[in-house]
Amino acid sequence: MINKEPAVKGISELSYEKSNPRMVEHDRTKKDLGIYIHIPFCERKCNYCDFLSAPADDTVKEKYVSALRNEIRSYQGLANQYNVRTIYIGGGTPSSIHEDYITSILSDLYHIFEIKKKEELEITIEANPGTLTKHKLLSYKDAGINRLSIGLQSANNEELKLLGRIHTFEEFVANYNLARKVGFDNINIDVISSLPNQTEQAYLDSLMKVVALNPEHISSYSLIIEEGTLFEKFYGEGSEHSKELPSEDVDRTIYEDTKTVLKEYGYERYEISNYAKVGFESKHNSSYWTRTEYLGIGLGASSLIGDARYHNENNLNQYIDCVSNQESLRREEEKLSGNNQMEEFMFLGLRMCRGISKKRFCEVFEKDIQEVYGSILTKLLDEKLIMEQEDYICLTERGLDLSNYVFSEFLLDEESE
Amino acid sequence: MSIDQSKIRNFCIIAHIDHGKSTLADRIIEKTGLLTSREMQAQVLDNMELERERGITIKAQTVRIVYKANDGEEYIFNLIDTPGHVDFNYEVSRSLAACEGAVLIVDAAQGIEAQTLANCYLAIDHNLEIMPVINKIDLPSADPDRVINEIEDIIGIEAQDAPRISAKMGLNIEEVLEQIVSKIPAPKGDKNASLQALIFDSLYDSYKGVIIFCRVMEGTVKRGTPIQMMATKAKAEVVEVGIFGAGQFIPCDELSAGMVGYITASLKNVKDTRVGDTVTSSENPCKEPLPGYKKVNPMVYCGMYPADGAKYPDLRDALEKLQLNDAALQFEAETSIALGFGFRCGFLGLLHLEIIQERLEREYNLDIVTTAPGVIYKVYKTDNSVIELTNPSNLPDPSEIAYMEEPMVSAEIMVTTEFVGPIMQLCQERRGVYLGMEYMEETRALLKYDLPLNEIIYDFFDALKSRSKGYASFDYEMKGYERSELVKLDILINKEEVDALSFIVHAETAYERGRKMCEKLKDEIPRQLFEIPIQAAIGSKVIARETVKAMRKDVLAKCYGGDISRKRKLLEKQKEGKKRMRQVGNVEIPQKAFMSVLKLDDK
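Residues numbered from 1 in each chain as written. Chains lettered and ligands numbered in written order. Predicted model: local features only at pLDDT ≥ 70, side-chain atom pairs only at ≥ 80, totals over all residues.

Enquirer: How should the sheet that holds strand β14 (residues 386-389) of chain A be read in this particular structure?
Expert: One key point about sheets: their strands pair by backbone hydrogen bonds, in either a parallel or an antiparallel sense. Residue and element names in this part refer to chain A. One open sheet holds the three strands; their spatial order is β13-β15-β14, and the pairing between them is antiparallel. A strand with exactly one partner marks an edge of an open sheet, and here the two such strands are β13 (356-357) and β14. Direction of pairing for β14 relative to strand β15 (residues 392-395): antiparallel, over a ladder of four bridges. Paired with Gln 389 across the two strands is Tyr 392, which belongs to β15. (Pairing = 2+ DSSP bridges. Helix = DSSP H or I, 4+ residues; strand = E, 2+ residues; numbered from the N terminus.)

Enquirer: Would you explain the interface of chain B and chain A in this entry?
Expert: For interface size, the figure often reported is the accessible area lost on association. At the junction of the two partners, chain B supplies 19 residues and chain A supplies 32 residues. Of the residues that constitute the side of chain B that touches chain A, the class distribution is eight nonpolar, four polar and seven charged. (Contact = placed C-beta atoms within 7 Å. Nonpolar A, V, L, I, M, F, W, Y, C, P; charged D, E, K, R; others polar.)

Enquirer: I keep staring at the packing of helix α5 (residues 134-143) of chain A against helix α7 (residues 169-182) of chain A and nothing clicks. Help me out?
Expert: Helices that pack against each other are described as a pair by the angle of their axes relative to one another and the distance between those axes. Residues and elements named next belong to chain A. Two elements in contact, α5 and α7, have axes whose closest approach is 10 Å; the angle formed by their N-to-C orientations is 45°. Classified by the interaxial angle, the pair formed by α5 and α7 is oblique. Helix-helix and strand crossings are classified by hand; for α5 and α7 the assignment is right-handed. Listed contacts from α7 to Lys 134, Leu 137, Leu 138 and Lys 141 of α5 are Leu 178, Ala 179 and Val 182. A class-by-class count of the residues in the contact of α5 with α7 yields five nonpolar, no polar and two charged. (Axes fitted to C-alpha atoms, helices over the stretch in contact; angles between N-to-C directions. Parallel < 35°, antiparallel > 145°, perpendicular 65-115°, else oblique. Left-handed = near helix turned anticlockwise from the far one by under 90°.)

Enquirer: Can you walk me through the confidence of the model for chain B in this structure?
Expert: Note: predicted coordinates in regions of low pLDDT should not be interpreted at a detailed level. Residues and elements named next belong to chain B. The predicted model of chain B averages 84 in pLDDT, with 91% of residues at 70 or higher. Contacts of residues 35-48 to residues separated by more than four positions or lying in other chains number 29 contacts, the stretch itself having pLDDT below 50. Counting interchain partners and residues more than four positions distant, the pLDDT-below-50 stretch residues 50-60 has 33 contacts. For this predicted complex, the interface score ipTM comes out at 0.82, while the overall pTM is 0.63. (pLDDT = per-residue confidence, 0-100.)

Enquirer: Please explain unusual backbone geometry as it appears in this structure.
Expert: Glycine aside, residues mostly have negative phi, and peptide bonds are mostly found in the trans state. With an omega of 20°, the peptide bond running from Gly 91 of chain A to Gly 92 of chain A counts as cis. The residue Gln 153 of chain A is not glycine, and still its phi comes out positive at about 75°. In this model, Asn 494 of chain B sits at a positive phi of 50°, which is unusual for a non-glycine residue. Mapped onto the fold, Asn 494 of chain B is located in the loop between β26 (486-493) and β27 (496-497).

Enquirer: Honestly, the environment of Asp 125 of chain B in this entry has me stumped. Any pointers?
Expert: By secondary structure assignment, the location of Asp 125 of chain B is in helix α4 (residues 114-125). Distance from Asp 125 of chain B to Ser 93 of chain B, taken between C-alpha atoms, is 9.3 Å for residues 32 residues apart in sequence.

Enquirer: Is there a simple way to think about the confidence of the model for chain A in this case?
Expert: Per-residue pLDDT for chain A averages 88, and the proportion of residues at 70 or more is 91%. This model gives residues 1-25 of chain A a pLDDT under 50, and the stretch forms 39 contacts once residues within four places in sequence are excluded.

Enquirer: Teacher, can you tell me more about the sheet that holds strand β11 (residues 240-244) of chain B here?
Expert: Residues and elements named next belong to chain B. Strand order in this open sheet of eight strands is β10-β9-β15-β6-β7-β14-β11-β12, and the pairing throughout is antiparallel. The outermost strands of the open sheet, each flanked by one partner alone, are β10 (235-237) and β12 (249-252). Neighbour to neighbour, the strand axes of the sheet diverge by 40° on average, direction disregarded. Of the pairings in the sheet, the one linking strand β9 (residues 226-229) to β10 comprises three bridges and is antiparallel in character. The partner of Pro 226 across the bridge, within β10, is Glu 237.

Spelled out as structure tokens, the structure:
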């Protein structure tokens, strides 16, 4: 299950390996950067969704895009310190706004960040089935987008209805085939498991239908009942229908099934919820786990720049108004202490199945990992939640199931600063 | 300035819980014009936040008001509000002793309830003039005529001209005030005799020291009077005397026979000024103290531990401060293997315990873990010595025990006849000894039982309410000790005994209790990395077992679009939650598991 040879390489590590043939020549003094663009619009809010997104009319969309483009331009000064490696347009439903907006946003990015060979970047857009047309897809392709992430969630129309999705499985398949025809050769499909009343068999049926389409990447999340969603009202703790959610045991069986089935069809689990065919791991998402810097642009988007994390203004009108001054958009800026960075290195890095490198820990923090986490590592090894494979430390199967427990162990006490 | 004794009326209001005592007090204060309606916060007398929230009066409160009666004269009313719970019965009796009359409130719909009777008899015992008032006549189910007949039949006092009021709506309050003037006698007493004043409450103020609430029976007290408490022997010189405004202390020149007021005398501890004690002059002492003083002793004990072990000194400070105002609260340091350093605390009853716990949490911002409350058992050892046991962990080895005794109470339960069956069954389950039943009228019965105190300190009151749909009421008094077959029940979590969960129980109910505790703990202890057996045992014999299955899933699948801060917060919360757990062996037990076993509600 866990590869002896780490299959995935986070982009920040790639840049340390000179001999990598996939590497582009670039200025070694510049740091790698991922860019996230947030499109906070959708046709209809899904019943389980707590992301910053809502339906809006065309004027608002237009104003938003122009504010967003202003924000992009405001990074002129920052741009020359970085090599952009990935761009991810997420939402909401980015495919719900006019494709020309996407094109102009991307061309602004290419211009400001001096991106010359866009085909060497991983450029992803999230799309909702039912919002894609041939024209749209062609336009994306022309704009440089080379990866599609389609939120299917379930192949069962009843379940789709329950989730509040706007599409049927058939509409999805039509969109998917269209994307293939247009030439997209790197497609992710999102599915959600552990839906109310879902049986193991129902989920497997869904998953098999997805596998049959042969996408390059599959994300399988189990449903989280988020605060403030319609689902919370219905299925939240203590509510009348909460018993309709599958039990912990069913949920775990589903997880195990997913791994077995997907492995059979050539997908490797490379992160807690992500599976890919070799070479098609999401570089953008991996950059989060490897703590590569990233710039979130748009409403509420999160960034890691230098040793600071922050997110943008959450209020749409405020965002549109104050975007001329991007500094004023920043909220909850948090300078990460040395301890914070070590904690993140662990709890983000361990999300990946190949785990974290002890050598790399030492390089980054100039401290031996044993010095900081010695006793915790021993305890977790004893509990068989982690294991060591030469230089790497990774979660065991059990550790993956209990990852929050493991991660929280790596939070350091403030006193030990 | 001397006050005409004949214009003073000292009275209290007695009622069954929720029959409108505090509301009527509010209306009286409002009508007498000391406060404007705007200043009136609902229920001005209950001034502790906690009291207002629970709608009960914990400490006796007193207010002096001026009423201009229809005869054109101004009268001084001293309204002494009494605590409304059985735990504070003694305080009630001392408050009554400070009055000449009592306004008896009876709910026009519910009629006489157990507490109405208990308080009323208490008032009659103190020779108070009882003045009945029928409240809540605005309720659709009100039947004042029936209730008036009930008062005459059951209590045997004249009630035909009882004011029919609605304290809530402010209806007919004038009539109550006029009757207070005409029916309640003025105080007597010689202002030139030697000082004799009854302490009916005291509180500690950080500026003034102890403030004694008293009723002067004989003599006069003023600034400079050297005083002595006759029971505690504490001596001091009076710094200030005064009367009670609404929520404030108003200094005055002197307090003379018949008056109600306060004395400050730079006393540092309320232990010196016990409720019921007599204040006299140390230069010219009265011959005898006023009757009725007794030292109140705690009935119920439990361990109190800070949730965060580092807060132990804070807990000690807080308990010391609370004790300044609450002479009945006792505590001493103890340690538990599971809970660390804490205190064994003694209380008047379970409500007193809950109030102290809530005050520690609210006023002192402390998180408290309490262990199961217990009573004082007498352990007669084979070497003829006797131990008064307050902490189950200190029970000697069974081989050293000859026999044990437990405290008993005489209980009276008033219940509507349809619920007599279920209530008798409940008393039976709680090892009650049936003494008799009286029909108060066709629909109502008074059940008499002897019950072991340890059977009623947990959830008896809740069970009583739930099995009678709220219709039963309950009163008890201590009856002394009786020999009993008692055992110590231990709880083992993952094979390790958790001392804080041990308790003493009757041999017959041990199995049932043990089973329920295991079930409850199973729900409260979160799944952990391994399977955890929970066992109840008497000595080495396991009598019940449950298992907490190993945790299977604790995973956050979603990536929240790079919002790592959010993820971190979730992990921090999880870590924080773990900090709040108690480590017993290698099992983490949440604080609330220790508390949940206090309420093993059955039906």
